[in-house]
Amino acid sequence: MNPSNQKFFSPYTFNNGVELKNRIIMAPMTNYSSNPDGTVSEEELAYYARRSKDVSMVITACTYVTPNGKGFHNEFAGDRDEMIPSLSQLAKTIQNQGAKAILQIFHGGRMCPPELVPHGDIVSASAVPAEVAGAKTPRALTETEVEEIVDAFGETARRAIEAGYDGVEIHGANGYLIQQFFSPHSNQREDRFGGSVEKRMTFPLAIVDKIKSIVKEHADDSFIVGYRFSPEEAETPGITMADTIKLVDTLAEKDLDYLHVSLQHFLSKARRGVEDVNKTRIDYLLETIDNRVPLIGVGSIYSAEDARKAFETGVPLLALGRELIIDPDWVQKVAEGREDEIVTEINKDKQEELVVPVPLWNVIMNTPGWFPGV
Ligand SMILES: Cc1cc2nc3c(=O)[nH]c(=O)nc-3n(C[C@H](O)[C@H](O)[C@H](O)COP(=O)(O)O)c2cc1C
């Protein structure tokens, strides 16, 4: 192995004492390939098995916590106890290959396609549509409904515990319901869930507290709880880097096991809200967190060189998403000193060989510019 890649393979111990065998994690990726009844399909299990041998931890595709939170066609369900055996199969598939299994849990809010939710009743913090063509105006949740969704996050975390996962990741990123509550674009509430940046944190923090209390009741300290966030929004008003610094500063005191930023480019710079144009978003986040909790970085880490540069920033853990779809042997190749053999563009002829479920493959092939090579 190239000695400068040794960092990738040093173990990492979370504050709760759980050890990861190395620093490379599989990023959560929706794959549109579950069974119509909400169970995980054989194709998905094969896809995860193919990618779980060399990374230390796999964060699954997001699963919804209530029926009105289903954000994608053919995503697997986490909203009811009947799903526990299927969720458990996925956890075991990942763990049998040697990785920790983390279930990502979410609610799609105003981003849910109406045909996927009961009566087409799309909900969000406020009745504000997303700024995308054809977006439907959601209905603002009542306070009671908000509390029910907080409880539902707790229930799905309990299911993850019962299904044998090593942890859960709260999906507060990518424009879904948790982010919709933190955002001044989608949250125009005047009750305790909206208003100042502190009040917009109420819903995300209530979910963290609920899940921590469920873990206390049903698991032990070894159960991992992570939180994913997107640092900024393009809309005006929208989440700024300054807002996110406040959120992250608060989350760092919440006894979470990790924070996970969602970025397309690891070294990207902030749009607004901070002064120093030379600093990357990661620099600001690491400075704010100040080693209180580990940060997982992500975003276009195609080569080992990209990963080396990313680790140089001081981030302790890296997640790879598209890269592991394109080349499931990314980590093994680095470990064996074959980093020059890493594939960085998707090979359009290799769907079967890459063990990518057909629905996911079709979405990738029909979305120009999303994956290198398409
Ligand atoms: C096919 C696909 C599905 C994704 N689904 C999710 C998801 O369910 N949850 C999530 O937090 N991020 C999701 N993402 C974002 C990735 O986790 C990751 O942040 C992004 O792809 C950038 O990292 P990369 O350059 O390593 O791919 C998805 C990305 C892709 C490519």
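One can find the structure itself at the top, above this paragraph.
### Here we look at the overall build of the protein
Link 1 in the chain: Helices and strands together make up the secondary structure of the protein, namely 12 helices and 12 strands.
Link 2 in the chain: Against the 2.2 N^0.38 benchmark of 21 Å for 374 residues, the protein shows a C-alpha radius of gyration of 19 Å, consistent with a compact globule.
Link 3 in the chain: Overall, the protein is about 55 × 50 × 45 Å in size when its C-alpha atoms are taken along their principal axes.
Link 4 in the chain: Counting the 374 residues in the protein, one finds 59% classified as buried.
Link 5 in the chain: The long-range fraction of contacts in the protein, counting pairs at least 24 apart against all pairs at least 6 apart in sequence, stands at 70%.
Link 6 in the chain: For the protein, the exposed area adds up to about 14,600 Å²; of that, 47% sits on carbon and sulfur atoms.
Link 7 in the chain: In the protein, the 38 positive side-chain charges and the 56 negative ones have mean positions that sit 2 Å from each other.

### So, the layout of surface pockets
Link 1 in the chain: Size it by volume and the largest pocket reaches roughly 1,100 Å³.
Link 2 in the chain: What lines the largest pocket is a set of 48 residues, and nearest its centre among them are N174, Y176, R228, S262 and Q264.
Link 3 in the chain: Broken down by secondary-structure element, the contributors of at least two residues to the lining of the largest pocket are β4 (57-64), α4 (177-182), β12 (317-320) and α10 (322-326).
Link 4 in the chain: If you tally residues by element for the lining of the largest pocket, the top one is α10, at three residues.
Link 5 in the chain: Of the residues assigned to the lining of the largest pocket, the class counts are 22 nonpolar, 16 polar and 10 charged.
Link 6 in the chain: Considering only enclosed or pocket space, the second largest pocket measures out at about 290 Å³ in volume.
Link 7 in the chain: With three residues, helix α6 (residues 202-218) is the largest single contributor of residues to the lining of the second largest pocket.
Link 8 in the chain: A breakdown of the residues in the lining of the second largest pocket according to their chemical character gives seven nonpolar, two polar and seven charged.

### A few points about the sheet that holds β12
Link 1 in the chain: Read around the closed barrel, the eight strands follow the order β3-β4-β5-β8-β9-β10-β11-β12; overall the barrel is parallel. Adjacent strand axes in the sheet meet at a mean angle of 30 degrees, parallel and antiparallel pairs treated alike.
Link 2 in the chain: Two elements, strand β10 (residues 258-261) and strand β11 (residues 295-298), share two bridges in a ladder whose sense is parallel. Within β11, the position partnered with H260 by the bridge is I296.
Link 3 in the chain: Here helix α7 (residues 241-251) sits on the sheet and contacts β9 (224-229) and β10; the angle it forms with β9, its principal contact strand, is near 175 degrees.

### Some points on helix α2 (residues 84-96)
Link 1 in the chain: Counted at 1.5 Å a residue, the expected span for α2 with its 13 residues is 18 Å, and the 18 Å between its end C-alpha atoms agrees.
Link 2 in the chain: Turning to α2, its buried residues number three or more, namely I84, S86, L87, S88, L90, A91, T93 and I94.
Link 3 in the chain: Of the surrounding secondary structure, the elements contacted by the buried residues of α2 are α1 (42-51), β4, β5 (100-106) and α3 (143-162).
Link 4 in the chain: With its phi angle positive at about 105 degrees, G98 sits one or two positions after the end of α2.

### A short note on the site of the ligand
Link 1 in the chain: Taken together, the neighbourhood of the ligand is formed by 21 residues, with T30, R228, S300, R322 and E323 sitting nearest.
Link 2 in the chain: One nitrogen or oxygen atom from the side chain of N174 is found 3.2 Å from a nitrogen atom belonging to the ligand.
Link 3 in the chain: Protein chains shield 94% of the accessible area of the ligand, which is 600 Å² for the free molecule.
Link 4 in the chain: Among the detected pockets, the ligand sits in the largest pocket.
Link 5 in the chain: For the shell around the ligand, the residue count by class is 10 nonpolar, eight polar and three charged.

### Thoughts on the pattern of salt bridges
Link 1 in the chain: In the structure shown here, the tally under the stated rule is 27 salt bridges.
Link 2 in the chain: As a salt-bridge pair, D121 and R139 come within 3.0 Å of each other at their nearest N and O atoms. Residue D121 is located in the loop between β5 and β6 (123-124), and its partner R139 is located in strand β7 (residues 139-140); the two are separated by 18 residues in the primary sequence.
Link 3 in the chain: D121 gets classed as partly exposed once you look at its relative accessible area, which sits at 29%.

Cut-offs used in this document
- Residues numbered from 1 in each chain as written.
- Predicted model: local features only at pLDDT ≥ 70, side-chain atom pairs only at ≥ 80, totals over all residues.
- Heavy atoms only, no water.
- Helix = DSSP H or I, 4+ residues; strand = E, 2+ residues; numbered from the N terminus.
- Rg over C-alpha atoms; globule rule 2.2 N^0.38 Å.
- Buried < 20%, exposed > 50% of the residue type's maximum accessible area, 1.4 Å probe, protein only.
- Contact = heavy atoms within 4.5 Å.
- Areas by Shrake-Rupley, 256 points an atom, 1.4 Å probe, with all protein chains shown as cover.
- Lys, Arg positive; Asp, Glu negative; His and termini not counted.
- Charge placed at Lys NZ, Arg CZ, Asp CG, Glu CD.
- 1 Å grid on protein atoms, 1.4 Å probe; cavity = no way out; pocket = protein on both sides within 12 Å on 5 of 7 lines; lining within 4 Å.
- Points joined across faces, edges and corners; volume = space filled by probe spheres on them.
- Nonpolar A, V, L, I, M, F, W, Y, C, P; charged D, E, K, R; others polar.
- Pairing = 2+ DSSP bridges.
- Axes fitted to C-alpha atoms, helices over the stretch in contact; angles between N-to-C directions.
- Expected span 1.5 Å × (residues − 1).
- Near = heavy atom within 4 Å.
- Polar contact = N/O pair within 3.5 Å; in protein donor to acceptor, adjacent residues only side chain to side chain.
- Sits in = over half its atoms within 2 Å of the grid points.
- Salt bridge = Lys/Arg side-chain N within 4 Å of Asp/Glu carboxyl O.

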